[in-house]
Amino acid sequence: MAIVHMKDIVKRYSSHIVLDNIDLDIAYGEILGLLGPNGAGKTTLIHALAGIHGFDSGAIEVFGKEQKANLLEIKRQIGLVTQEITLFTDLTAKENLAFFGGVYGLKGEKLKKRIDETLEFVGLSEHARKLPAKFSGGMKRRLNIACALVHRPKFLIMDEPTVGIDPQSRNHILETIRQLNQQGTTILYTTHYIEEIQNLASRVVIMDQGHIIANGTIDELVKKIQYEEKIKLEVAAPTDDLLERLRKLDGVKQVLKNEKEIHIISQVESGNLDRVLSIAREFGGIHSISAEKPTLEDVFLTLTGKRLRDGGEEE
Amino acid sequence: MTIFTFVFKRFFRKKSNIVFLFVLPIGSVFIPTAAWPPIPLGFHYYSLLLLLLAARLGGITLEDRTNKTLLRLSASPISHFQYLFQNLLAYTVILTVVNLVFVFLGVIVHGENLPSPILLFIIYTVFSMTALGFSLAWYSLFRHMETAFSILGGVIVLMGMLGGVMWPVEAMPEYLQQAVMLLPTYWAAESTLIVAYGTQAKDLGTPLVVMILFCIAFLLLGSRRRLT
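Note that this is a predicted model, so its numbers are computed, not measured. (Residues numbered from 1 in each chain as written. Chains lettered and ligands numbered in written order. Predicted model: local features only at pLDDT ≥ 70, side-chain atom pairs only at ≥ 80, totals over all residues. Heavy atoms only, no water.)

Peer 1: Looking at this structure, how should I read the overall build of chain B?
Peer 2: A tally of regular secondary structure across chain B gives 10 helices and zero strands. The C-alpha radius of gyration computed for chain B amounts to 18 Å, which stays within 12% of the reference 17 Å derived for 228 residues, consistent with globular compactness. Principal axes of the C-alpha set define a box for chain B whose edges measure 55 × 40 × 30 Å. Counting only residues that meet the buried cut, chain B has 53% of its 228 residues in that class. As presented, chain B carries roughly 9900 Å² of accessible surface, and 71% of it is formed by carbon and sulfur atoms. If you average the places of the 14 positive and of the 8 negative side-chain charges in chain B, the two averages end up 23 Å apart. (Helix = DSSP H or I, 4+ residues; strand = E, 2+ residues; numbered from the N terminus. Rg over C-alpha atoms; globule rule 2.2 N^0.38 Å. Buried < 20%, exposed > 50% of the residue type's maximum accessible area, 1.4 Å probe, protein only. Areas by Shrake-Rupley, 256 points an atom, 1.4 Å probe, with all protein chains shown as cover. Lys, Arg positive; Asp, Glu negative; His and termini not counted. Charge placed at Lys NZ, Arg CZ, Asp CG, Glu CD.)

Peer 1: Sorry, what's going on with the overall build of chain A here?
Peer 2: Looking only at helices and strands, chain A features 11 helices and 14 strands. In chain A, which comprises 315 residues, the proportion classed as buried is 51%. Here the contacts in chain A between residues at least 6 apart in sequence split such that 68% fall between residues at least 24 apart. Of the roughly 14500 Å² that chain A leaves accessible, carbon and sulfur atoms contribute 47%. (Contact = heavy atoms within 4.5 Å.)

Peer 1: What's the story with the sheet that holds strand S12 (residues 252–258) of chain A in this structure? I'm lost.
Peer 2: Sheet strands pair by backbone hydrogen bonding; their relative direction is either parallel or antiparallel. All names here are of chain A. What the four strands build is an open sheet, ordered S12-S13-S11-S14; its pairing is antiparallel. What marks the edges here is a single partner per strand, and that holds for S12 and strand S14 (286–292). Going from strand to strand, the sheet's axes swing by 15 degrees on average, the running direction of each strand aside. The pairing of strand S11 (residues 228–235) with strand S13 (residues 261–267) spans seven bridges and is classified as antiparallel. Bridge pairing in S13 links Glu229 to Ser266. Across the face of the sheet, helix H9 (residues 240–247) comes into contact with S11, S12 and S13 while running at roughly 160 degrees to S12. Across the face of the sheet, helix H10 (residues 272–283) comes into contact with S11, S12, S13 and S14 while running at roughly 170 degrees to S14. (Pairing = 2+ DSSP bridges. Axes fitted to C-alpha atoms, helices over the stretch in contact; angles between N-to-C directions.)

Peer 1: Would you mind showing me how to read the domain arrangement of chain A here?
Peer 2: Put simply, an interface is often sized by how much accessible area is lost when its parts join up. Assigned domains within chain A: domain 1 (2–223) and domain 2 (228–292). Centre-to-centre separation of domain 1 of chain A and domain 2 of chain A, based on C-alpha positions: 45 Å. (Domains from an automatic or database assignment.)

Peer 1: Sorry, what's going on with the packing of aromatic side chains here?
Peer 2: For any pair of aromatic rings, geometry is given as the distance between the ring centres together with the angle between the planes. Residues and elements named next belong to chain B. Overall, the coordinates contain 17 aromatic pairs over all chains when judged by the stated rule. Plain terms: the ring middles of Phe11 and Tyr91 are 6.4 Å apart, the flat faces sit at 70 degrees to each other, and that makes the pair edge-to-face. Of this pair, Phe11 sits in helix H1 (residues 2–13) while Tyr91 is found in helix H5 (residues 80–110), placing the two residues 80 residues apart along the sequence. Classification of Phe11 as buried rests on a relative accessible area of 1%. Classification of Tyr91 by relative accessible area gives buried; the value is 1%. Centre to centre, the rings of Phe134 and Trp138 are 6.0 Å apart; their planes meet at 35 degrees, and the pair counts as tilted. Note that Phe134 and Trp138 are positioned in helix H6 (residues 117–139) at a spacing of four residues, about one turn of the helix. (Phe/Tyr/Trp six-rings, centres within 6.5 Å; stacked < 30°, edge-to-face > 60°.)

Peer 1: Just checking my understanding: could you explain the interface of chain B and chain A for this structure?
Peer 2: Counting from both sides, the interface comprises 20 residues of chain B and, opposite them, 29 residues of chain A. Carbon and sulfur atoms make up 61% of the area that chain B and chain A hide from each other, which totals about 2300 Å². Contact with chain A buries surface across chain B, with B:Arg72, B:Ala75 and B:Pro77 losing the most and accounting together for 31% of the total. Here A:Glu95 and B:Arg13 are joined by a salt bridge, their closest N and O atoms 2.4 Å apart. For the pair chain B and chain A, the interface holds 10 residue pairs in polar contact (both at pLDDT 80 or more). (Buried area = accessible area lost by both parts, 1.4 Å probe. Salt bridge = Lys/Arg side-chain N within 4 Å of Asp/Glu carboxyl O. Polar contact = N/O pair within 3.5 Å; in protein donor to acceptor, adjacent residues only side chain to side chain.)

Peer 1: What should I look at first to understand unusual backbone geometry in this one?
Peer 2: Negative phi is the rule for most residues except glycine; trans is the rule for most peptide bonds. Residue and element names in this part refer to chain A. Even without being glycine, Asp8 reaches a positive phi, approximately 50 degrees. Relative to the assigned elements, Asp8 resides in strand S1 (residues 2–13). Note on Asp8: relative accessible area 32%, which makes it partly exposed. A positive phi angle, close to 45 degrees, is found at Glu160, a residue other than glycine. With respect to the helices and strands, the residue Glu160 is situated in the loop between strand S7 (155–159) and helix H6 (167–182).

Peer 1: How should I be thinking about helix H2 (residues 15–29) of chain B in this particular structure?
Peer 2: Residue and element names in this part refer to chain B. Taking 1.5 Å of rise per residue, the 15 residues of H2 would be expected to cover 21 Å, and the 22 Å separating its terminal C-alpha atoms lies within 8% of that figure. Among the residues of H2, those classed as buried are Asn17, Leu21, Pro25, Ser28 and Val29. For H2, the arc enclosing every buried residue in end-on projection is 130 degrees, short of the 170-degree limit, so these residues lie on one face. Structural note: H2 exposes Lys15, Val19 and Val23 on the side pointing more than 90 degrees away from its buried face. Contacts from the buried residues of H2 go to H1, helix H3 (41–66) and H5. (Expected span 1.5 Å × (residues − 1). Arc of directions from axis to C-beta.)

Peer 1: For this particular structure, what's the right way to read helix H7 (residues 145–162) of chain B?
Peer 2: Residue pairs three or four apart in sequence face the same way in an α-helix, which turns once every 3.6 residues. Residue and element names in this part refer to chain B. Taking 1.5 Å as the rise per residue, H7 with 18 residues should run 26 Å; its terminal C-alpha atoms sit 25 Å apart, in good agreement. When H7 is considered as a whole, its buried residues turn out to be Ala148, Leu152, Ile156, Met159 and Gly160. Summarising the axial view, the buried residues of H7 lie within an arc of 95 degrees, below the 170-degree limit, and thus occupy one face. More than 90 degrees from the buried face of H7, the exposed residues found are Glu146 and Ser150. Looking one or two residues past H7, Gly164 carries a phi angle of roughly 85 degrees, positive in sign.

Peer 1: What's the story with the environment of A:Lys42 in this structure? I'm lost.
Peer 2: Residue and element names in this part refer to chain A. Checked against the element boundaries, Lys42 lands in helix H1 (residues 42–49). Looking at Lys42, the relative accessible area reads 2%, which means it is buried. Distance from Lys42 to Ile289, taken between C-alpha atoms, is 40 Å for residues 247 residues apart in sequence. Within polar-contact distance, the side chain of Lys42 engages the backbone oxygen of Gly36 at 2.8 Å. A distance of 3.4 Å separates a polar side-chain atom of Lys42 from the backbone oxygen of Pro37.

What follows is the structure, given as structure tokens:
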């Protein structure tokens, strides 16, 4: 069942189409990774979904309700983690949470309890009374996330929440996101760090120039672009006999030797890994064997023609 | 009323704001009466001072937009109008206290030379709302604090000159005398003169209503722009 259903969403800025007939469903309980080069339309999509900006045509349903007619009710159950650190620098961590909890209607003891729980959840309890100016980059990011969690949203939109922080803080944030998801929060996650998507997302959507150009699990996307299988075999002595035996295997297109390394390129789903291994065993002296699969980065590069962290104009 | 509550917290956290709020009004209490108008000058110029104080107060909303905090707020169940309205209410409370201190000191310093202190307090409080509405609408038009504030300074002085605060409106060409009625400062000056010349209190009705209408119009104008 879908928590979000977007149908034929079109958004223009004067004559420029930023979202071009976007159809997208997000299932309850999933972490959907949204990838795209700069200017792909990700932020516009997120803003339309969060009800920040309108759209020119199409329809969005969130929690099974039409967005335009139920905007306030929907907004109460959505959390937005912004790409920028959007905190009040003149308020302490606790006061920031009290503010954002308050605008979502929390008050009194319930608000206090939520603030304490949220600070604990993001590991900032000991810094509750400090101003964000005294925080490290990672702590600011965690507080930035906490402000979107204090009202316990069912659906959390995270727009590049780990930009510019150290690996330790990143791991802490990623673990927090996993825990949130395990607790039942549906998450839409955008990032420029492809490894984060690989670690977190149950499904990936790739956008480019206002279109969704790919949508599926990582395995499904990898299969879409996988035209051949590559096996790398490293042996003590790559003899001509061994190479000849490998060339004769079914589906093998090419066998290349590079000193002690042998690269065997086969047709997709040839299932040659086991066969290569058994032949290599006959000859002995195996150092290593591995099947090289395309990565999500390869998928992205193939589909968009750009690397994810290419420079360019921000959206 | 979360925004309303937090406006106070945020404003008073900067001690310089408190100094700014009280130094100029207290200083202007001591300006003596001149040939025109028949009221201590500081009390006639006070509408310009209120515009300046409102400019300082309302500036926080532009800071919130430039650092994108309002982007997060725009994803919450709060409209831009609610945001501006709660800011306006909170700042009105702050300026009302300043007005009270100003008039109270005026009574101490000028005694009976200060006509109808209660009416003056009412005028200043209503005009505070107009000035704040103007300030909030003004800042919603800009992206950069420096640009907004520097242009605003000039606009306030111009509004003061044309609106009859610096000199009588009658000193200006006739066509201007009609046009300046579109300035909120005209109505502030007009109402102060009504009090200064000892005209009946009921004559204040029109200027006060017009100032409130200005405030509403400014709020609506400011809220047309999105929070982001």
